[in-house]
Amino acid sequence: MNKKPGYVFVWPIGTRIIHWMMAFSFTAAFVTSFYAYLLHSHVALGFIFLTIIIYRVIWGIIGPKYATFNTFKLSLPQLKEYFVLKVTNRWRKIPAGHNPASSWFTVWALMVGTVIVISGLLLYGVQEGKGLFMHLNDDYSHYMGMLDGIHRYASYLFLVWVIIHIAGVMVEQFWHKTGMVFAMINGYKKTDGEDTSVKPILNFFAYSMILVAIASYFFIISSNYNFLTMRKFTPIDYATEHPVFFKECGDCHKIYPPFLLPEKSWKRVMDDLDNHFGVKITDANISMSKQASIREFLYQNSAEHSTREAAVKIMDSLGERRPKAITKTPYWRVTHSHIPRSAYRDKKIKDKSNCAACHKDFESGVLDDMEIMYRKK
Ligand code: HEC
Ligand code: HEC
């Protein structure tokens, strides 16, 4: 017997929470992806999304009535019939479980969602040198662009999908007046069928997965480097690594980590020290032997020898060019193009070459996204 006459209980709390946590984590992860310094939050939200996808797939196999994949209406004629009846406003049969459109939506969302989380985890490892796959950065750094593309376009696809889904729900809600929105809130649909019921063991599984999702979020947010977000590139102490470089090249400005320019650029910098960005540096300032030692250090650690994101992307952006300044590389220009000129009026920043003013970990050569300080003025 149904508890509410005229209504069927179709979405138990476990299913509804999956739905809203997926919607919330995707939206929040999508928004944070536009701000580099929010990468850490983005990853934490991604772990909610990942847990929910795993949960939903298992739920689709062993879950309660109406949630399992074998109740999905996935034949194309069914989908076509659904849309034809929809458009002609003759759709009156509301199925208790998923209708053909929402069946397709769920399957696609899970597939695209899987691509998003896998490419995201790999990108985090390959590009940022962080997380479970950080060691893939060693050999696969040249795939960071490709992984970024997959991760990005899969997310756009997911977004388009969500918009279509919301449009469909709105049509149901306001045109056909099926009260579809409320179904995902209170679990009841106005239709015929039998109430669903969830076995205690399934409820236990559902709550455990929800807990894992929330816990993984807070676990990541509460510490910068744990086993899910550990980093391959730890801070470099240039003062001990190469004391001469640290002292002589850090005299007027904070040192620029060598991996930010290719060897030929460093050669130009070192060849032109007597005309160094408007200042004259001679062997009276830095002795010839020290210059030679610095030169050697810069060459050995130049962008060609690094698999760090900045090094790889700077090299990719340069082509044949070998400018004397990092701020002259196309990659630097693009990543900083949205910073308003007014930001440089800030006394603490002053100049675009003052990298350390905005990148708190600049001197130790890390350039972590979450260490970017940027106050909108
Ligand atoms: C006498 C002061 C002085 C010393 C010593 C010095 N620099 Fe500079 N450097 C400057 C100035 C001034 C600029 C222009 C940017 C600025 O205002 O900070 C600059 C800019 C640079 C830039 C370009 C940064 C950009 O905009 O992308 C690089 C690279 C650089 N220096 C490398 C070095 C290296 C390598 C050494 C050591 C061999 C060195 N500098 C030592 C004064 C100095
Ligand atoms: C006025 C502040 C500011 C200054 C000065 C600045 N940056 Fe940045 N930098 C930013 C911001 C903000 C971003 C993030 C851009 C974005 O949203 O993708 C960024 C991004 C980057 C990135 C890409 C990081 C990533 O993983 O997305 C690199 C590399 C970088 N900066 C290097 C430098 C270097 C080298 C200098 C000095 C020559 C410098 N920056 C000077 C603010 C600054």
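## As for the environment of isoleucine 58
Inference 1: Along the chain, the position of isoleucine 58 falls in helix H2 (residues 39-62).
Inference 2: Between the C-alpha atom of isoleucine 58 and that of leucine 228, which follows or precedes it by 170 residues, the distance is 23 Å.
Inference 3: Not counting chain neighbours up to four residues away, the residues in contact with isoleucine 58 comprise Gly63 and Phe205.

## A short note on the domain arrangement of the chain
Inference 1: Here the chain is partitioned into domain 1 (8-222) and domain 2 (238-371).
Inference 2: A straight line from the C-alpha centre of domain 1 to that of domain 2 covers 44 Å.
Inference 3: Opposite the twelve residues of domain 1 that make contact, domain 2 presents eight residues.
Inference 4: Taking both partners together, domain 1 and domain 2 bury about 890 Å²; carbon and sulfur atoms supply 50% of that area.
Inference 5: For the pair domain 1 and domain 2, the number of links is one salt bridge.

## Considerations on the nonpolar core
Inference 1: In this structure, Phe49, Ile52, Tyr55, Trp59 and Phe158 are the most contacted members of the largest nonpolar core, which totals 39 residues.
Inference 2: Counting residues per element, the ones that place at least two in this core are helix H1 (13-32), H2, helix H4 (100-126), helix H6 (144-175) and helix H8 (200-222).
Inference 3: No other element matches H2, which puts twelve residues into this core.
Inference 4: With residues up to four places along the chain from it excluded, the contact list for tryptophan 59 reads Gly14, Thr15, Ile18, Pro64, Ala67, Thr68, Val198, Leu202, Phe205 and Ala206.
Inference 5: Tyr238, Trp266, Ile286 and Ala311 belong to the second-largest nonpolar core, a separate cluster that totals 29 residues.

## Looking at empty space enclosed by the protein
Inference 1: This structure, assessed with the given rule, holds one cavity of 30 Å³ or more.
Inference 2: In this structure, the largest cavity spans a volume of roughly 50 Å³.
Inference 3: Surrounding the largest cavity, Ile94, Pro95, Asn99, Glu172, Thr178, Met180 and Lys189 form its lining.
Inference 4: Considered class by class, the residues forming the lining of the largest cavity number three nonpolar, two polar and two charged.

## Comments concerning the pattern of salt bridges
Inference 1: What the rule picks out here adds up to ten salt bridges.
Inference 2: Between aspartate 368 and lysine 130 there is a salt bridge, with its nearest N and O atoms 3.4 Å apart. Of this pair, aspartate 368 sits in the segment after helix H15 (355-358) while lysine 130 is found in the loop between H4 and helix H5 (136-140), placing the two residues 238 residues apart along the sequence. One exposure class covers both aspartate 368 and lysine 130, and it is buried.
Inference 3: We note a salt bridge from arginine 295 to aspartate 271, for which the minimum N-O separation is 2.8 Å. Here arginine 295, found in helix H12 (residues 288-300), pairs with aspartate 271, found in helix H11 (residues 263-271); they are 24 residues apart in sequence, far enough to count as distant.
Inference 4: Judged by its relative accessible area of 23%, arginine 295 falls in the partly exposed class.

## A short note on the coordination of the iron atom of ligand 2
Inference 1: The iron atom of ligand 2 binds to the protein through His336 (NE2) and His359 (NE2), with metal-donor distances spanning 1.9 Å.
Inference 2: Classification of the site at the iron atom of ligand 2 rests on its six donor atoms, whose angles at the metal span 87 to 180°, yielding the label octahedral. Here histidine 336 is found in helix H14 (residues 330-336), whereas its partner histidine 359 is found in the segment after H15, with 23 residues between them in sequence.
Inference 3: The buried category is assigned to histidine 336, whose relative accessible area is 17%.

## A few points about the site of ligand 2
Inference 1: Near ligand 2 lie 23 residues; those nearest to it are Glu309, His336, Cys355, Cys358 and His359.
Inference 2: Between ligand 2 and tryptophan 332, the relevant distance is 3.3 Å, taken from a nitrogen atom to a side-chain nitrogen or oxygen of the residue.
Inference 3: A distance of 2.7 Å separates a nitrogen atom of ligand 2 from a polar side-chain atom of histidine 359.
Inference 4: For the shell around ligand 2, the secondary structure elements donating two or more residues are helix H13 (309-318), H14 and H15.
Inference 5: Broken down by element, the residue count for the shell around ligand 2 peaks at four residues, all from H14.
Inference 6: Its residues assigned to classes, the shell around ligand 2 shows 14 nonpolar, six polar and three charged.

## A closer look at the coordination of the iron atom of ligand 1
Inference 1: Every protein donor of the iron atom of ligand 1 is accounted for by His253 (NE2) and His276 (NE2), and the metal-donor separations fall at 1.9 to 2.0 Å.
Inference 2: Each of the six donor atoms around the iron atom of ligand 1 contributes to a set of angles spanning 86 to 178°, which defines the coordination as octahedral. One end of the pair, histidine 253, is in the loop between helix H10 (243-248) and H11; the other, histidine 276, is in the loop between H11 and H12, and 23 residues separate them in sequence.
Inference 3: Histidine 253 sits in the partly exposed class, given a relative accessible area of 30%.
Inference 4: Among the residues examined, histidine 276 registers a relative accessible area of 14% and is labelled buried.

Rules and cut-offs
- Residues numbered from 1 in each chain as written.
- Chains lettered and ligands numbered in written order.
- Predicted model: local features only at pLDDT ≥ 70, side-chain atom pairs only at ≥ 80, totals over all residues.
- Heavy atoms only, no water.
- Helix = DSSP H or I, 4+ residues; strand = E, 2+ residues; numbered from the N terminus.
- Contact = heavy atoms within 4.5 Å.
- Domains from an automatic or database assignment.
- Buried area = accessible area lost by both parts, 1.4 Å probe.
- Salt bridge = Lys/Arg side-chain N within 4 Å of Asp/Glu carboxyl O.
- Core = buried A, V, L, I, M, F, W, Y, C linked by side-chain atoms within 4.5 Å.
- Buried < 20%, exposed > 50% of the residue type's maximum accessible area, 1.4 Å probe, protein only.
- 1 Å grid on protein atoms, 1.4 Å probe; cavity = no way out; pocket = protein on both sides within 12 Å on 5 of 7 lines; lining within 4 Å.
- Points joined across faces, edges and corners; volume = space filled by probe spheres on them.
- Nonpolar A, V, L, I, M, F, W, Y, C, P; charged D, E, K, R; others polar.
- Donors = N, O, S within 2.8 Å, 3.2 Å for Na, K, Ca; no water.
- Tetrahedral: all angles 85-135°; square planar, octahedral: opposite > 155°, others 65-115°.
- Near = heavy atom within 4 Å.
- Polar contact = N/O pair within 3.5 Å; in protein donor to acceptor, adjacent residues only side chain to side chain.

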